[in-house]
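The residues making up each chain are set out below.
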Amino acid sequence: MIRVKAEKGAVMPRYATKGAAGADVSALLSSPITLRPGEYKAIPTGLYMEIPEGYEVQVRPRSGLALKHGITVLNAPGTIDSDYRGEVCVILINHSQKPFVIENGDRIAQLVTAKTSRLEFTEVDDLSATERGEGGFGSTGV
């Protein structure tokens, strides 16, 4: 369970369907925000969360906004850590050639919960060999 404190007028995250992995999150605005082409802004939601230790909430784009309007989450997926208690804001960017207006209550992203784990980082002189080795971007073909 994630405990959520909501400002007056904020919309609680909601799963649109029984099988949805992501819960839609909405903007809480006193006036519309326009994103010009190439512009990005942090959009407030009016939500504050208490996420259980060992979990994170990922902020992901909504596919409909991306396909129809070129609007996506700039740092996708964004991470809300379990010890963060500030307002959840969504950094949206307009990749289209047209201005896009965000209205109060518009669904702007989706939230996906995920378990986390922490491993210790240990400095070593050498790493074990693998078939891939140092092959990076595109090294396994198209």
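Parameters and conventions
- Residues numbered from 1 in each chain as written.
- Predicted model: local features only at pLDDT ≥ 70, side-chain atom pairs only at ≥ 80, totals over all residues.
- Heavy atoms only, no water.
- Phe/Tyr/Trp six-rings, centres within 6.5 Å; stacked < 30°, edge-to-face > 60°.
- Lys NZ or Arg CZ within 6 Å of the ring centre and 35° of its normal.
- Salt bridge = Lys/Arg side-chain N within 4 Å of Asp/Glu carboxyl O.
- Helix = DSSP H or I, 4+ residues; strand = E, 2+ residues; numbered from the N terminus.
- Buried < 20%, exposed > 50% of the residue type's maximum accessible area, 1.4 Å probe, protein only.
- Pairing = 2+ DSSP bridges.
- Axes fitted to C-alpha atoms, helices over the stretch in contact; angles between N-to-C directions.
- Contact = heavy atoms within 4.5 Å.

## Quick look at the packing of aromatic side chains
Taken as a whole and judged by the stated rule, the model has zero aromatic pairs. Its guanidinium or amino end placed over the ring of Y48, K5 lies 5.4 Å from that ring's centre, counting from NZ or CZ.

## With respect to the pattern of salt bridges
According to the stated counting rule, one finds five salt bridges in the structure shown. Here E50 makes a salt bridge to R3, at a shortest N to O gap of 3.3 Å. One end of the pair, E50, is in strand β5 (residues 40-50); the other, R3, is in strand β1 (residues 3-6), and 47 residues separate them in sequence. By relative accessible area, which is 52% here, R3 ends up exposed. Its salt-bridge partner being R62, residue D24 comes within 3.4 Å of it at the nearest N-O pair.

## Remarks on the sheet that holds strand β2 (residues 14-15)
The five strands lie next to each other as β2-β3-β11-β6-β8, forming an open sheet whose pairing is antiparallel. The open sheet has two edge strands, β2 and β8 (78-80), and neither has a second partner. Sheet analysis places β2 next to strand β3 (residues 23-26), joined by two bridges and oriented antiparallel. Across the sheet, the residue bridging to Y15 is A23, located in β3.

## Re the sheet that holds strand β9 (residues 87-94)
If you walk across this open sheet you meet the four strands as β1-β5-β9-β7, and the pairing is antiparallel. Here the strands that pair on one side only, and so sit at the sheet edges, are β1 and β7 (71-73). Each neighbouring strand pair of the sheet contributes to a mean axis angle of 45 degrees, computed without reference to strand direction. Where β1 and β5 come together, four bridges link them in antiparallel fashion. Considered in β5, the bridge of A6 is made with L47.

## Details of the pairing of strand β6 (residues 55-60)
As judged from the six bridges shared by β6 and strand β11 (residues 107-115), these two strands associate in the antiparallel manner. Across the sheet, the residue bridging to Y55 is K115, located in β11. Summarising the sheet, β6 and β8 pair through three bridges and their orientation is antiparallel. Opposite V59, over in β8, you have G78 as the bridge partner.

## Points about the pairing of β5
Two faces make up the sheet, and in a regular strand the side chains alternate between them. Of the pairings in the sheet, the one linking β5 to β9 comprises six bridges and is antiparallel in character. Bridge pairing links I43 to V90 in β9.

## Re the side chain of E39
Topologically, E39 is positioned in the loop between β4 (33-35) and β5. Overall, E39 belongs to the buried group, its relative accessible area being 16%. Once residues within four sequence positions are removed from consideration, E39 is found in contact with T34, L92, I93 and N94.

## Some words on the environment of T72
Structurally, T72 is set in strand β7. With 23 residues separating them in the primary sequence, T72 and H95 have C-alpha atoms 7.7 Å apart. With sequence-adjacent residues up to four places away left out, T72 is seen in contact with P61, I91, L92, I93 and H95.

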